[in-house]
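# Residue-level structure breakdown
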Amino acid sequence: MDLKSLSIASPREGLAISLIKEEGPLRSRAAKAFGFIDMIIDYSLENAPLQKELSAEEMGSAAAFLASPLASAITGAVLYVDNGLNAMGVGVDGPVRFLNLIKDLDIPRDAKH
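Summarised in this report is the structure supplied together with it. The structure displayed is predicted, hence computed values, not measured ones.

Calculation rules
- Residues numbered from 1 in each chain as written.
- Predicted model: local features only at pLDDT ≥ 70, side-chain atom pairs only at ≥ 80, totals over all residues.
- Heavy atoms only, no water.
- Core = buried A, V, L, I, M, F, W, Y, C linked by side-chain atoms within 4.5 Å.
- Buried < 20%, exposed > 50% of the residue type's maximum accessible area, 1.4 Å probe, protein only.
- Contact = heavy atoms within 4.5 Å.
- Helix = DSSP H or I, 4+ residues; strand = E, 2+ residues; numbered from the N terminus.

Right, let's talk about the nonpolar core for a bit. Formed by Leu 26, Leu 54, Met 59, Ala 62 and Val 81, the largest nonpolar core amounts to five residues. Non-local contacts of Leu 26, meaning those with residues more than four positions away in its chain, are made with Ala 31, Ile 37, Leu 54, Ser 55, Ala 56 and Met 59.

Pasting the structure below:
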């Protein structure tokens, strides 16, 4: 089932289903495994409408809101917690700049899935 199907069926079972989508870079231990999260965060700080670093507390606050009585009439929503990156798309220099940032990183490019 997808989000919309769950959001229609779940209230009848006493549940409201929504999704928190974190599109912005979050500095976490898992993100550091990529090796270039700092470059992505720098790009976000320069280009996002809200030019600040995204925090785990902000993600938690969004989840707490959706789980609270304040969101009692919300189901099937996608809540973006990303400092506005979802609204802006890719910056004009985005693809070129990103490729320049990662060109010297040791990233396997022909990996089979």
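This is not the end of the story, as more comes after the structure.
Backbone phi values are negative for most residues with the exception of glycine, while trans is the configuration of most peptide bonds. At Asn 83, a position not held by glycine, the phi torsion is positive, near 60°. Looking at the secondary structure, you find Asn 83 in the loop between β2 (78-80) and α5 (85-88). On the basis of relative accessibility, which here comes to 7%, the residue Asn 83 falls in the buried class.

When you line up the elements, Ser 44 lands in helix α3 (residues 37-47). The residues touching Ser 44, leaving out its near neighbours within four places in the chain, are Pro 25 and Leu 85.

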